[in-house]
Structures are given as C-alpha cells and as structure tokens.
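Chain by chain, the residues run as shown.
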Amino acid sequence: MRDILKQALPQADEQALERFEIYHRLLAEWNERMNLTAITDPVEVAEKHFADSLAALPYLKAGMKVIDVGTGAGFPGVPLLIMEPGLELTLADSLQKRLTFLDALLKELGLKAALVHGRAEDLGQNKLYRERYDVALSRAVANLPVLLELTTPFVKAGGTAIAYKGDGAEELKNAKSAAFLLHVQLRSVELDSPLGKRCLIFADKTAPTPKQYPRKAGTPNKKPL
Ligand code: SAM
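Described in the following lines is the structure provided in the data block. The residue count restarts for each chain, going from 1 along the sequence in the order it is written. Reporting in this predicted model follows two pLDDT cut-offs: at least 70 for local features of residues, and 80 or more for side-chain atom pairs to be given and counted; totals over whole chains, interfaces and linings ignore these cut-offs and use all residues. For side-chain calculations, the full set of non-hydrogen atoms in the structure is used, while hydrogens and water are omitted.

Around the ligand lies a shell of 14 residues, among which Gly 70, Phe 75, Asp 93, Arg 98 and Arg 139 are the nearest. Side-chain atoms alone can form a polar contact between residues adjacent in sequence; in general such a contact is a pair of N or O atoms within 3.5 Å, and within protein one must be able to donate a hydrogen while the other accepts it. Contact distances for the ligand include 2.8 Å between an oxygen atom and a side-chain N or O atom of Arg 98. Here Arg 139 contributes a side-chain N or O atom positioned 2.6 Å from an oxygen atom of the ligand. Note that Gly is not counted as nonpolar here; it falls among the polar residues with everything else outside the nonpolar set of Ala, Val, Leu, Ile, Met, Phe, Trp, Tyr, Cys and Pro and the charged set of Asp, Glu, Lys and Arg. When the residues that make up the shell around the ligand are grouped by side-chain class, the tally is four nonpolar, five polar and five charged. Residues are classed as near a molecule or strand on a simple rule: at least one heavy atom within 4 Å of it.

With that settled, consider unusual backbone geometry. Following Phe 75, the chain continues into Pro 76 via a peptide bond in cis, with omega recorded as 5 degrees. The numbering of helices and of strands both runs from the N terminus, where a helix is a DSSP run of H or I of at least 4 residues and a strand a run of E of at least 2. The residue Pro 76 is located in the loop between β1 (65-69) and α4 (77-83) in this model. Of note, the bond from Tyr 213 into Pro 214 is cis; its omega dihedral lies within 30 degrees of zero at 0 degrees. Within the chain, Glu 131 stands out as a residue other than glycine whose phi angle is a positive 55 degrees. Mapping Glu 131 onto the fold places it in the loop between α6 (120-123) and β4 (133-139). The residue Ala 140 is not glycine, and still its phi comes out positive at about 60 degrees. Relative to the helices and strands, Ala 140 resides in the loop between β4 and α7 (144-151).

Quick look at the pairing of strand β5 (residues 155-165) now. Extensive coverage of β5 is indicated by the burial of eight of its 11 residues. In this description, strands pair whenever DSSP reports at least two bridges between them. As paired strands, β4 and β5 are joined by six bridges and run parallel to one another. Within the sheet, the bridge partner assigned to Ser 138 lies in β5 and is Ala 163. In this fold, the crossover linking β4 to β5 by way of α7 has right-handed handedness. Note that β5 and strand β7 (residues 199-205) share six bridges and pair antiparallel. Bridge assignment links Lys 165 to a residue of β7, and that residue is Cys 199. Working definition: with a 1.4 Å probe on protein chains only, accessible area under 20% of the residue-type maximum means buried, over 50% means exposed, and in between means partly exposed. When the strands point away from the viewer and the connection leading from the first strand across the helix to the second strand turns clockwise, the crossover is called right-handed.

If you add up the space inside the largest pocket, you get close to 530 Å³. Elements with a minimum of two residues in the lining of the largest pocket: α3 (42-53), β2 (88-93) and α6. The method works on a 1 Å grid over the protein atoms by themselves. A cavity is a set of points holding a 1.4 Å probe that cannot get out, a pocket is an open set with protein on both sides within 12 Å along at least five of seven lines, and residues with an atom within 4 Å of a point line them. Grid points are joined across faces, edges and corners, and a volume is the space filled by probe spheres set on the points. Space inside the second largest pocket adds up to approximately 240 Å³. Lining the second largest pocket are 14 residues, with Ala 51, Asp 52, Ala 55, Asp 192 and Pro 194 positioned closest to its centre. With three residues, α3 is the largest single contributor of residues to the lining of the second largest pocket. Its residues assigned to classes, the lining of the second largest pocket comprises nine nonpolar, two polar and three charged.

The following block contains the structure:
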C-alpha cells in the first residue's frame, strides 16, 4: 500500500503516508460492518478518495476554521487534515454511524477535529455553526443549487464555500439564482485530474446569508433555489 500511496500522493511526507495507510486499513475494516464507501480497491482509494480530496489543499492554511458538510467517511476533510494538521476542522454528517467511524479514525491517526451530527439545514440555522467558518467544503453531497443553500450559511461574509465537482460549466449554469439569493459569487477552477473532468467551484460570500436560508430539512432538495 505504501508504494501505491507514494505514487498517488507525491506531496505527502513519511508521517502523512503512514496516516493514509492507517486510514486505508480502517476504511477497509469498518466497511465490512457498515456501508462507508463503494470504493475498496487500494489504487482507487488512493486516487479517488485521498488524492482527489487534496485538490483544495492549496487554498487552505493552518488556523483556518473549516467545515466539511456531508463528510461521509471523511472526504475531503480528513485527507486535508492529514496534510495540514493545523486546520480547525469540523466534520458534519447526518448519519451518526459515519461519525462513530470518524471518531475511531481520528484517535488512531492522532489528529483532532470536531464531529457534528445533524442535517446541514438544521446546523446552518444553529448559531454555534452559522457564519462561523472561513471555508465550507463539500464533495458528492448534492447538485450545486442545493449545495449552496446547505453550505454557504456556515461561512462568514468574506469566506468561501468550495464544492468538489465534475463538469463545472454544467453546474454553474443552473446555480445563478441560488448564488444571487445566497449572496455568493461563483467561479470554477478546472483540475488536472487523472479521474477525468474534475473542478472546484468556489462560492465567495459577499454578504451575510438571509435569515430564511437554509430552509427546513428536505426543502432545499425538493425545491432548489
Ligand atoms: N463527502 C463524502 C465523499 O465525498 O465521499 C461523502 C459523500 S456521500 C455520497 C454523501 C454524504 O452526505 C452522506 O454521508 C450523507 O449522510 C451526507 N448528507 C447528505 N445530505 C446531508 C444533509 N442535508 N446534511 C448533512 N449531511 C448530509
């Protein structure tokens, strides 16, 4: 596994490689008991989960308050924390069993992050989390108009929500009214990825989120902005 990781993650030092090895082992072990990921082949885990998650690393630095919304088995938040342990990271998901896995994982990795159980629609209206973060990350959670409503309320004005996406142009086309209503400006950065079309979409927040967003749980999906 070490060689596969070295090849997929050329920027990782020995300590980071060791942590990615532990991550891969625990993912495989826990995946036998609970549904964490459909990807289990070591090369695919290294490329599609670990390396892909690191795409936002150049935009983050130690001390930043970052929330990963719908983190699942920890992507992209945990690989980013492995590479930059100085992040003040919160991992949020609506499924408690995934957080149980993440708690065990973080202990084995010797890394610290806050774990929060709840739906983004509810957490985004909770003053403990609303407009508290520099950056909100999300990967594979919803299409862009829905995602903007779920993630941008966590970000302070002046901060950014970053969405990991496939075809950026396609996503941006449908998100204009959501961006207007949520006071964000959208831009897309194409990634040079072996996985095909990949991009990061940045939603730069220009003013506080209007109080009515996010709407109650389920509504963003049923009636996207
Ligand atoms: N981000 C991970 C990744 O890239 O592998 C997980 C993606 S998984 C397809 C979607 C995750 O988002 C699940 O863990 C699910 O429980 C969570 N999720 C979906 N809707 C959510 C919501 N409204 N609030 C919080 N978590 C949500």
